Amino acid sequence: MDSKNSRILFCGMLALGILFFSLSGAIAQTASTNGNEYHTPSQVNDILRDIHDANGNNTKIHELAESPGGHQLLMIEIGPEVHSSKKTKPAIFVVGNMEGTIPVSTEAALYLANEVLVSEASSSKTWYILPNGNPDAAANYFNSPLIQDSRNDRPHNDDMDEQEDEDGWEDLNGDGMITQMRVKDPTGAWMVIEGEPLLMKRADRSKGEKGMYKLYSEGIDNDEDGQYNEDSDGGVNVNRNFPHLFKDFTETGGAWPGSTPEVYAILEFAYAHPEIAMTYSLGATNFSMVPPKGGRQGSADYSQLEIPESFAEQLGADPNKTYSMEEVIEMVQPLAPPGFEITESVVASFLGLGAVVNPMDADLKFYKELSDQYKEYLEEKDFSTERLDPEPAKDGSFELWSYYHLGIPTFSMDFWTLPEFKEEKKEEGSGITIEKLEEMSSEDFLELGEEKITLFLKESGAPERFSAKMVIGMVEGGQVTPARMAAMMKQMPKPPSAEGVDPDDKALLAFNKNVLNGKGYAEWEAYDHPALGEVEIGGEAPYVRNTPPASMLDSLLSVQVPWVLEVASKIAKLEILKTSATHKGNDVYEVSVWVENTAYLPFPTAMGEKNQNPKPAIITLTGDIEVLSGKTRTAINSLGGLQVKKYSWIVRITESDEIEINVDSAHAWGDRTELKVGGAQ
Amino acid sequence: MRYLKELLLGIIICSTAIATAKAQDIEVPLRFDHYYDYGQVVEAVKALNKAYPDMTDIEVIGTSEEGREIWSLTLNNPQTGEALQKPGVYVDGNIHGNEIQAAEVNLYLINYLLENYGELEKVTEMVDRNAFYFIPSINVDGRYHFFNDANTPSTNRGLRIPKDDDRDGLYDEDFPEDLNGDGSITQMRKKDPFGEWKTDPEDPRLLVRVEPGEMGEWTILGQEGIDNDGDGRINEDSEGYVDPNRNWGSNWAPPYVQRGAGNYPYSGNVTKAVTRFMMDRPNIIMVFAFHNNGGMFLRGPGTKSEGPLNAQDISVYDVLGENAEKIVPGYRYLISWKDLYSTYGDFTEFTYNQVGAFSFVGELFMEESETYTAHDEEEAEAAPGFGTNNARQRERLEFNDHVVQGSLYHEWETYDHPKYGEVEIGGWTKMSSRLPHPFMLQDLVHRNASAVMFAASQTPDIKIQMYESSKIDNNLYQVRVRLVNKNTIPTMTYHSVKNKLFPQDQLTVSGRNIKVVAGGKLTNVYNNTVDYKEHKPEIQFLRVPGSGLVEYQFLIEGSGSFSIQYKSRKAGNLVQEYSLH
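Just so you know, these numbers come straight off a predicted model, no measurement behind them. Each chain carries its own residue numbering, running from 1 in the written order of its sequence. Here every chain gets a letter starting at A, and every ligand a number starting at 1, in the order they are written. Confidence filtering applies because this is a predicted model: local features only for residues at pLDDT of at least 70, side-chain atom pairs given and counted only at 80 or more, and all residues used for totals across whole chains, interfaces and linings.

## Some words on the overall build of chain A
The condition is simple: Under the DSSP-based scheme used, a helix requires at least four consecutive residues in state H or I and a strand at least two consecutive residues in state E, with every element numbered from the N terminus. Field definition: a residue is buried when 20 or more other C-beta atoms are found within 10 Å of its C-beta, exposed when 12 or fewer are, and partly exposed for counts in between, with C-beta atoms placed from the backbone. Residues are defined as contacting one another if the C-beta atoms placed from their backbone atoms lie within 7 Å.
Along its length, chain A carries 21 helices and 22 strands. Taking the principal axes of the C-alpha coordinates as reference, chain A spans close to 100 × 70 × 55 Å. Counting every position in chain A, which comprises 681 residues, the buried fraction comes to 44%. Pairs at least 24 apart in sequence give 72% of the contacts found in chain A among residues at least 6 apart.

So this is what it looks like as structure tokens:
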């Protein structure tokens, strides 16, 4: 119950700024994209329809699904081929606000739709833009009281009792939002942070601190089961319901991947549209700036497979040894019935190898390069990059599914975090930062001396067992380099400052003071609670950490959103670079075709090459020919960015000496040419 | 299908050879001396409904990729309550299109239960106490094509979702062909002194691998057919392949991990339809999904990484599985991933995890039964999964020769192949290998239906007993209540309790003039230890174990009558009235 309550607390740790935000955003009445406003899901749909009405020739509205709460998931298609179901040009699939709690990402999607319409990109590609992937949750931002909750409106019995959705929050103090309640209680785990009366933290008994409060989210115990607000309305968190690393039996992930109609519709749509060459998720993560994270355990290493004893003897393998995938295929193939091809997938199935869970190295290369370019781009635009880190992608999210399952370049973007809080430099500090450490040579580092290193380790919150002596020894012994140390330190959670305020909270406190005029928190005020008696209600306002004041929208979106167009301009494009024919004797020729990916991004990603999901491009030769060597239909399974590959055939000309060469691709344009082999030597 | 003439010829041969019934012949009681094709399965379901309109409901639960209807039949006696108020026993078959006898097991069980209702006490009791749900043929397209097209015993297993198996941009463009027009896809072999095979000296129809240093005699060219798409490969892109038994949303993995998974869970029409059907029937607690072959009753988990099941559930599976082994001689009760192979996203994974039902896959038929030899583990290991075992093949050929008069094996015959030149075509026909010959069908369907009936007789049967009531004070009473389950299957799997799949059963004490002061589980009746529930003591949440009981103690203030209500998703609802005195 404790952990549950704290989860709900966390969900409910929302508060003020309601006045601030709702005045500027929630009360927008007209469906307009002009100006700095947040739009309700139904206003967003109206805007899409308006855009379509004004641009009938190159837009189309798709009704993807209806959410459990009755919201239409409308998607706008923009492009040169809206009137044909089979596209010849590639498409970009953009989803907004899958989390449902990030109103700025919905506005970004609308902004993007307008940008695309006035750009060359609307005639060279198709754009599928879904501004609200989780409209039930997105609607919360415009309701009173203000609640930040990612779940859709599907009923769910959170507390496994006799009723569904019977104990939600109440805005007891009538301030228009759900915050927290604290009750003085000697068994409570929470205390007020000294010097920061707005903030609470868990008491650390090892430091002699004592808890004084119990914390609850704001509300009453409607079903009188002793728990507060433990079974509010909803539902499924749409952005945990996708198939990659989906977890069974979570409270909010849904019963199975695609169990909620929003997600099932997206799965269906994506696979029905092989022209989709790239996806962009506008929301909480930012693959444009921070490449997808690796380092997860559990990816089967295809170069070191173990053969379980039950198969080992049949295969003539040693269960104590490891084998490469190629070796296993070779072992299994002779046992297969004739004509049955043993593939990686067959082996992966019977050995139960499981899915890939870390991004492929080759893909990280383009992610890294584009991220550097993006940072440069932002700097050129004088856009501050001093912000908190974007959230890491969640298991079961759209962006991980897109990368791992669709196998195409997958990007994401968030648009705003609290500005990073800069502590005033203490005079006696070490003067070292992780960034500086990254650049240091081992010699530079050792020169700092033990005293400074001790100070630095303390400042950066390194565990106490890492003494300066030990670290110096490791650097001297070559077990670790300063760069490696910096990489490790970046993985560590940021240290709480001396007062116990974490850096994110500091950022919020500063923003609250400097920009929000105190509306980021509700001051704790006494309230007479029907069951708990004397309580205080207060704490952080919902949405303050991820939702900028509406007045900032234009300046945020006008700089960041156009990068989507920039990345989209880099999707793979297959072109025939040249062709040749060499006479081999009689009517026999060797025909060669050089195919080039003239764009920066690979065709497809390394992940896509592995999972074989994106359709291959096919080179076909047509004419009065007999193909003696090679296939008349040859698959191009992969072609790296700016890479050229040569394909050759031996053919015999039967009549006309003209050969038509086609490169057909569902999502990389393709090309065609004619080759006259006559006269070739 | 270019060879229409051969194809039609094949259908004629095949339909005369297998003695399928004509639609108008289908009468109740159903006969089980032949196989029902897709249309006849539908007719049989309708005939059963027509003969027993009060006890059965039939429904189209969805349509396949090619537009065929998928029929279900619900068997419930409305006199003894609504279906949803009883333990649900769900049975299906033929999720793999070629595994056709699974539908016959379904039809047989329906027919048997209805025919013997009121005649045999055990049948009457299990029909009155349970709701039975049947979907005799799930993969209706597969069944249709298995009967109507030429096939091997193993083809047309999957769904008719086109897939570009050979990645040439064309979909399902290179099926096998029935070149010799015998209604089956058999093997092609070619004389080849450099081949890897030679004639088996003991039976010239069989081939054995050449020893090192020996010259060969034959090259096996694979399944009968031509290279339709001219890519140098034969039959490499036939239907699908999406395997409907890898397309379910529990522990699902994408196609590069699990062949045949489909692009996402429930991408197939039939898996989606069956899921909807089952989620609308939360009372389902027992599942049998019939397949062929090998003679096995399999339970999960499907992969090792899920970890072993809870001991509480294993003990229930063991009782049901060990009894099934006795009911169907030679069949083995096994664990799916461990004793067979890993599967992601299979059906019983879904039903155990998401429906909360004890779930078995019944792998019908073992070829050893043709010659009445037991399954031999050593022999099986000597001839691993994909391989062939000539000793067994020779026995089966004797069965073919002497018991079914040559009807299951097509002798090798020469054929002028457009690509390979002179080849020989021959081998096991489509109705061989995985299916019992019709004369053996009756035995197979009865015994396997009996394994289901044993489980159906063991679904939870709960009785409320108020076994103690004493006055403590003026108007304060202590009441002890017991919920007893005489059967093996508990009211919930332990797995679903642990994972909070749905709320547990409720025991509620209520009455106009009473108030429940305290209430909780009696953990030790002799020491009077009670685990009192802090809030709302009048509602208790619980699971009644198999062959066991749970006891609760309530302190009730007031007077007069009160009721004790038991509400269970899977074991029905009960109410009993008592009074305080």
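## Re the overall build of chain B
Check the secondary structure of chain B and you find 13 helices and 23 strands. Its C-alpha atoms give chain B principal-axis dimensions of roughly 100 × 55 × 45 Å. Sorting the 581 residues of chain B into buried and exposed places 50% on the buried side. The contacts of chain B with a sequence gap of at least 6 include a subset with a gap of at least 24, amounting to 72%.

## A look at the sheet that holds strand β21 (residues 548–558) of chain B
All names here are of chain B. Just so we agree on the cut-off: Note: two strands are recorded as paired if DSSP finds a minimum of 2 bridges between them. Axes, fitted as lines to C-alpha atoms, cover a helix only where it is in contact. Angles between the N-to-C directions of the axes lie from 0 to 180 degrees.
One open sheet accounts for five strands, arranged β15-β16-β21-β18-β19; its pairing is antiparallel. Each end of this open sheet is capped by a strand with a single partner; those strands are β15 (462–473) and β19 (529–532). Sheet twist, expressed as the average angle between the axes of neighbouring strands with direction ignored, equals 30 degrees. Pairing analysis gives ten bridges linking strand β16 (residues 476–485) to β21, with the strands arranged antiparallel. Pairing of Val-481 across the sheet is with Tyr-552, part of β21.

## Some thoughts on unusual backbone geometry
Cis geometry is adopted by the peptide bond preceding Pro-29 of chain B, which originates at Val-28 of chain B and carries an omega value of 0 degrees. Here Pro-29 of chain B is to be found in the loop between α1 (4–17) and α2 (38–51). Note the cis peptide between Asn-292 of chain B and Asn-293 of chain B, where omega equals 0 degrees. Tracing the backbone shows Asn-293 of chain B in the loop between β9 (284–292) and β10 (296–299). Of note in the backbone geometry, Trp-669 of chain A takes a positive phi value of approximately 60 degrees without being a glycine. Locating Trp-669 of chain A in the fold gives a position in the loop between β21 (658–664) and β22 (670–676).

## Focus: the sheet that holds strand β1 (residues 56–63) of chain B
Two modes of strand pairing occur in sheets, parallel and antiparallel, and in both the strands are linked by backbone hydrogen bonds. Residues and elements named next belong to chain B. What the eight strands build is an open sheet, ordered β1-β2-β4-β3-β9-β12-β10-β11; its pairing is mixed. Of all strands in the sheet, those with a lone pairing partner are β1 and β11 (332–335), marking the two edges. This sheet shows a mean twist of 20 degrees between the axes of neighbouring strands, independent of strand direction. When strand β3 (residues 88–93) meets β9, the two strands line up parallel, connected through six bridges. Along β9, the bridge assignment pairs Val-89 with Met-286.

## Digging into the domain arrangement of chain B
Residues and elements named next belong to chain B. Heads up, the condition is: Reported domain spans reflect what an automatic or database domain assignment gives. Gly counts as polar in this scheme, as do all residues outside two lists: the nonpolar Ala, Val, Leu, Ile, Met, Phe, Trp, Tyr, Cys and Pro, and the charged Asp, Glu, Lys and Arg.
Taken as a whole, chain B is organised into domain 1 (4–148 + 241–365 + 437–457), domain 2 (187–223 + 370–428) and domain 3 (462–580). Computed over C-alpha atoms, the centres of domain 1 and domain 3 are 36 Å apart. With 17 residues of domain 1 at the interface, the matching set in domain 3 holds 17 residues. Top element by residues in the side of domain 1 that touches domain 3 is helix α7 (residues 311–327). It accounts for five residues. For the side of domain 1 that touches domain 3, the class distribution of residues is ten nonpolar, five polar and two charged.

## Digging into the confidence of the model for chain A
Definition in use: A score from 0 to 100, pLDDT tells how confident the predictor is in each residue.
For chain A, mean pLDDT is 89; residues scoring 70 or higher make up 92% of the total. Every residue in residues 1–31 of chain A is under pLDDT 50, and counting partners more than four places away or in other chains gives 82 contacts.

## Details of helix α11 (residues 361–380) of chain A
Rules: Expected span of a helix: the number of residues minus one, times 1.5 Å.
The terminal C-alpha atoms of α11 of chain A, which comprises 20 residues, lie 29 Å apart, in line with the 28 Å expected from a rise of 1.5 Å per residue. After α11 of chain A finishes, the residue Asp-382 of chain A shows a positive phi value of roughly 55 degrees.

## Points about the pairing of strand β6 (residues 190–193) of chain A
Residues and elements named next belong to chain A. Direction of pairing for β6 relative to strand β7 (residues 196–202): antiparallel, over a ladder of four bridges. Counterpart to Val-192 in the pairing with β7 is Met-200. Here β6 folds back onto β7, and the loop between the two strands holds two residues, one of which, Gly-195, carries a positive phi near 85 degrees.

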